[in-house]
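Structure at a glance
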Amino acid sequence: MVLSRAARIILVGAPGAGKGTQSERLMKRFPQLSSISSGDLLRTNVRNRTPLGIQAELKIKTGALVPDAMMVRLIINELSTRGWLVPDTIRPYSVNYATPEADIPADTVDDVFIPSTFPASRYNYSECPTASFILDGFPRTAPQAKQIDDIIPINLVVNIKTPASVILDRICNRLVHEPSGRVYNTTFNPPKVEGKDDVTGEPLTRRADDCPEVWGTRLKKFEETSAPLLEHYDKKGVLWEVEGNTSDEISPKLFKEFEKRFSV
Ligand code: G5P
Ligand code: MG
C-alpha cells in the first residue's frame, strides 16, 4: 500500500507489548516505511564494543534506562546517517546537545556520536515523501520527547496497550536475529528452521535482558516514564491508543488507523 503523506511515527508500549512485531508488519504493508529501533541500535553498539555500547551494556542488562542525552545523540546520529535530517538554515533547532548527563563523560559521547557537521550547522527535519519512518522505543521519556520536538515533527504516537499478564510468556520464548533485529517466538512466530533466521540462516539468540527478573524492572521503568511521555504527546494532539491481548488483534486496528491518516 502506498503512503500519500510522510509518516513520522513513534511506537510506545511496555517491554514485550509488540512494538518490534508491529513495526515489521507495518513495513511489510507499507514498503515506503523504514524503522529505527532504539533497543536494536543499542544492542549493535554493545555487540561492536563501541564506547557507548560499553557504557550502555549494564543499564540494558539490568533493565535500567540509558541516559536521555546519550539516547538523543544516538538517534539524531542515526537519522542524520540515513539522510533524514538535513541542514536547514530557515528554522533553527533550539535544543542544547552540549549537556550530557553527569555519569557520561562529555568527550566520549561527542567523539563517538556527533557527526563532524553536527551540531555546528543548523539541522532540521526536511520532509520528503521517502522519509517516512517508525521510531520503535524512542523517545521513551518526556525529556527525550521534548528534545526532538523541534527537530522531528512527529505526526502519530501509537500507544500499544497489552496487559502485562500476557506479556511475560512472550519474553521467555523470544529469539532474535541480532544483526537485523528480526524477532521470533518459539510458539507465536517460530522460525522456519529451528534456531535459524528465516532470511540469512544465521543462528538466533536470546536477549540478555529477557528473563523474568529484568523484565519486571523494565516494566516498572516503563510504568514510571510512560505517563509523562504520553501526556506530552496527548497535549500535541498526536496520541492514538490501541488495545489488545495479541498482536493479531492489534494489527488490523493499527493498519486501519494508519491508512486513514497516511494513505487516503
Ligand atoms: P527495547 O529493545 O526497546 P523493550 O523492553 O522496550 O526493549 P521489547 O522487549 O523489544 O521492548 P517489543 O518490541 O514491544 O518488546 O515486543 P516484540 O519483540 O515485538 O514482542 C515480544 C515477543 O513476543 C517476541 O518474541 C514476539 O514474537 C512475541 N509476540 C508478539 N506478539 C505476540 C502475540 O500476540 N502473542 C504471543 N504469544 N507472542 C507475541 O529496549 C531494550 C533496552 O534498551 C534501553 C533500555 O535499557 C531498554 O530496557 N533503551 C532505552 N533507554 C533509554 N531510552 C530509550 N529510548 C531506550 N530505548 C532502549
Ligand atoms: Mg523491540
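The following refers to the structure shown. As the structure is a prediction and not an experimental result, all values here were calculated from the model.

Turning our attention to the pattern of salt bridges. Tallied over the entire structure, the rule returns 19 salt bridges. The partner of Arg-182 in a salt bridge is Asp-197, and the shortest N-O contact between them spans 2.9 Å. A residue pair is termed long-range when its members are at least 10 positions apart, and Arg-182 in strand β8 (residues 182-185) and Asp-197 in the loop between β8 and α8 (212-236) qualify at 15 residues. We classify Asp-197 as buried; its relative accessible area is 2%.

Summed over the entire model, instances satisfying the criterion amount to three aromatic pairs. Ring geometry for Phe-30 and Phe-258: centres 4.6 Å apart, planes at 50°, overall tilted. Residue Phe-30 is located in the loop between α1 (19-29) and β2 (33-37), and its partner Phe-258 is located in helix α9 (residues 247-262); the two are separated by 228 residues in the primary sequence. Note on accessibility: Phe-30 and Phe-258 belong to one class, buried. Look at Trp-84 and Phe-133: their rings are 4.8 Å apart centre to centre, the planes differ by 5°, and that puts the pair in the stacked class. Of this pair, Trp-84 sits in the loop between α4 (68-81) and β3 (85-87) while Phe-133 sits in strand β5 (residues 132-136); the two residues are 49 residues apart in sequence, bridging distant segments of the chain. Assessed through its relative accessible area of 10%, Trp-84 is described here as buried. Among the aromatic residues, those joined into a cluster by ring pairs are Phe-30, Phe-258 and Phe-262.

Where strands meet in a sheet, backbone hydrogen bonds hold them as pairs that are either parallel or antiparallel. Reading across the sheet, the five strands line up as β2-β5-β1-β6-β9 and stay open at both edges, with parallel pairing between neighbours. Each edge of the open sheet carries a strand with a single partner, namely β2 and β9 (239-243). Adjacent strand axes in the sheet meet at a mean angle of 20°, parallel and antiparallel pairs treated alike. In this sheet, strand β6 (residues 156-161) lies alongside strand β1 (residues 8-13) in parallel orientation, the contact comprising five bridges. Each residue of the ladder has a partner; that of Val-12, found in β6, is Asn-159. With respect to the sheet, α1 is in contact with β1, β2, β5 and β6, its orientation differing from that of β5 by roughly 170°. Of the strands in this sheet, β1, β2, β6 and β9 touch α9, which is tilted by about 155° from β9.

With that out of the way, let us pick up the site of ligand 1. Contacts to ligand 1 come from 33 residues, most closely from Thr-21, Ala-64, Arg-140, Arg-174 and Ser-247. Taking Lys-19, its main chain carries an N or O atom lying 2.8 Å from an oxygen atom of ligand 1. Thr-21 is positioned such that a nitrogen or oxygen atom in its side chain is 2.6 Å from an oxygen atom of ligand 1. Among the elements of the structure, α1, α2 (38-47) and β8 are those that each provide at least two residues to the shell around ligand 1. Per-element accounting of the shell around ligand 1 gives the leading share, four residues, to α2. Class assignment for the residues of the shell around ligand 1 results in 13 nonpolar, 12 polar and eight charged.

Another aspect to go through is the packing of α4 against helix α6 (residues 142-149). Relative orientation of the contacting elements α4 and α6 amounts to 40°, with a least axis distance of 9 Å. As summarised for this structure, α4 and α6 are arranged oblique, according to the angle between their axes. In terms of crossing hand, the pair formed by α4 and α6 is right-handed. Contacts between α4 and α6 involve Asp-68, Met-71 and Val-72 from the former and Pro-143, Gln-144 and Gln-147 from the latter.

A word on the side chain of Asp-68. With respect to the secondary-structure elements, Asp-68 resides in helix α4. The side chain of Asp-68 is buried and forms no salt bridge, while Arg-140, the nearest opposite charge, is found at 8.7 Å. A polar atom in the side chain of Asp-68 sits 3.0 Å from the side chain of Thr-141.

What follows covers the pairing of β6. Of all six residues that make up β6, five are buried, and the element is covered over most of its length. Strand direction decides the pairing type here: β6 and β9, joined by five bridges, are parallel. Bridge assignment links Ile-160 to a residue of β9, and that residue is Val-242.

Mapped onto the secondary structure, Asn-159 falls in strand β6. It is 9.7 Å that separates the C-alpha atoms of Asn-159 and Ala-17, two residues lying 142 residues apart in sequence. In contact with Asn-159, not counting residues within four places along its chain, are Val-12, Gly-13, Leu-230, Leu-239, Trp-240, Glu-241 and Val-242.

Here is what the cut-offs are and how they apply
- Along every chain, residues carry numbers that run from 1 in the direction the sequence is written.
- Numbering of ligands from 1 and lettering of chains from A proceed in the order in which they are written.
- Totals for whole chains, interfaces and linings use all residues, but because this is a predicted model, local features are given only for residues with pLDDT of at least 70 and pairs of side-chain atoms are given and counted only at 80 or more.
- As a convention, hydrogens and water are excluded, and side-chain values are obtained from all of the structure's heavy atoms.
- Salt bridge, as used here: a side-chain nitrogen of Lys or Arg that lies within 4 Å of a carboxyl oxygen of Asp or Glu.
- Counting from the N terminus, the helices are the DSSP runs of H or I reaching at least four residues and the strands are the DSSP runs of E reaching at least two.
- Exposure is judged per residue with a 1.4 Å probe applied to protein chains only, and the accessible area is read against the type maximum: over 50% gives exposed, under 20% gives buried, and values in between give partly exposed.
- Only centres within 6.5 Å qualify two rings of Phe, Tyr or Trp (six-membered ring in Trp) as a pair; their planes then separate them into stacked at under 30 degrees, edge-to-face at over 60, and tilted for everything else.
- Only when DSSP finds a minimum of two bridges between them are two strands counted as paired.
- Geometry is summarised by axes, namely lines fitted to C-alpha atoms with helices restricted to the contacting stretch, and by angles between N-to-C directions that run from 0 to 180 degrees.
- Residue contacts follow a heavy-atom distance rule, with two residues in contact if any of their heavy atoms lie within 4.5 Å.
- In this text, near means that some heavy atom of the residue lies within 4 Å of the molecule or strand in question.
- Identification of polar contacts relies on pairs of N or O atoms within 3.5 Å, with a donor-acceptor requirement for protein atoms, meaning one able to donate a hydrogen and the other able to accept it, and with residues adjacent in sequence counted only if both atoms are side-chain atoms.
- Note that Gly is not counted as nonpolar here; it falls among the polar residues with everything else outside the nonpolar set of Ala, Val, Leu, Ile, Met, Phe, Trp, Tyr, Cys and Pro and the charged set of Asp, Glu, Lys and Arg.
- For classification purposes, an angle smaller than 35 degrees is called roughly parallel, one larger than 145 roughly antiparallel, one from 65 to 115 roughly perpendicular, and anything else oblique.
- Crossings are assigned a handedness: left-handed for a near helix turned anticlockwise from the far helix by less than a right angle, right-handed for a clockwise turn.
- His is not counted here, nor are the chain ends, while Lys and Arg score as positive and Asp and Glu score as negative.

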